[in-house]
Amino acid sequence: RYLRGRPLGQVPELYRAGAMRAGIPAEQIIVFPDELAALITALEQARPGDVILAAAHARRSEMIATLQAWQAGEAGTATGT
């Protein structure tokens, strides 16, 4: 995993704390087990006009395959639904 020199789980908690300082309620913050799970959820929930920014570190090839399948109109195949 790409931990940025920090213990496992610390980076998502830093993101959560920053979001809460910015005024986002804790119950609206979702933490995913990895970047692929986050991407799949974002693609499932995206609406026309939305922008998805995804960091791909540990599961880059799987994320690229998921995006390619989604772009080809095979979102159900890419997300396992």
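Residues numbered from 1 in each chain as written. Predicted model: local features only at pLDDT ≥ 70, side-chain atom pairs only at ≥ 80, totals over all residues. Heavy atoms only, no water.

### Things to note about the overall build of the chain
1) Next: Check the secondary structure of the chain and you find four helices and zero strands.
2) Next: Taking all 81 residues of the chain together, 19% fall into the buried category.
3) Next: Within the chain, counting contacts between residues at least 6 apart in sequence, those at least 24 apart form 40% of the total.
4) Next: Carbon and sulfur atoms make up 56% of the accessible area of the chain, which amounts to about 6,000 Å² in all. (Helix = DSSP H or I, 4+ residues; strand = E, 2+ residues; numbered from the N terminus. Buried < 20%, exposed > 50% of the residue type's maximum accessible area, 1.4 Å probe, protein only. Contact = heavy atoms within 4.5 Å. Areas by Shrake-Rupley, 256 points an atom, 1.4 Å probe, with all protein chains shown as cover.)

### As for the confidence of the model for the chain
1) Next: Considering every residue of the chain, the mean pLDDT works out to 86; 85% of them sit at 70 or more.
2) Next: Across the chain, the secondary-structure element scoring lowest on mean pLDDT is helix α4 (residues 75-79), at 51, and the one scoring highest is helix α2 (residues 35-45), at 94. (pLDDT = per-residue confidence, 0-100.)

### Comments concerning the pattern of salt bridges
1) Next: Considering all chains together, one arrives at three salt bridges under this definition.
2) Next: R59 is the partner of D34 in a salt bridge, and the nearest nitrogen-oxygen pair spans 2.6 Å. Here D34 is found in the loop between α1 (10-21) and α2, whereas its partner R59 is found in the loop between α2 and α3 (60-71), with 25 residues between them in sequence.
3) Next: Overall, the relative accessible area of 25% leaves R59 in the partly exposed class.
4) Next: The partner of E62 in a salt bridge is R59, with the nearest N and O atoms 2.8 Å apart.
5) Next: For E62, a relative accessible area of 35% gives the class partly exposed.
6) Next: Counted as one network, the salt bridges with shared partners bring together D34, R59 and E62. (Salt bridge = Lys/Arg side-chain N within 4 Å of Asp/Glu carboxyl O.)

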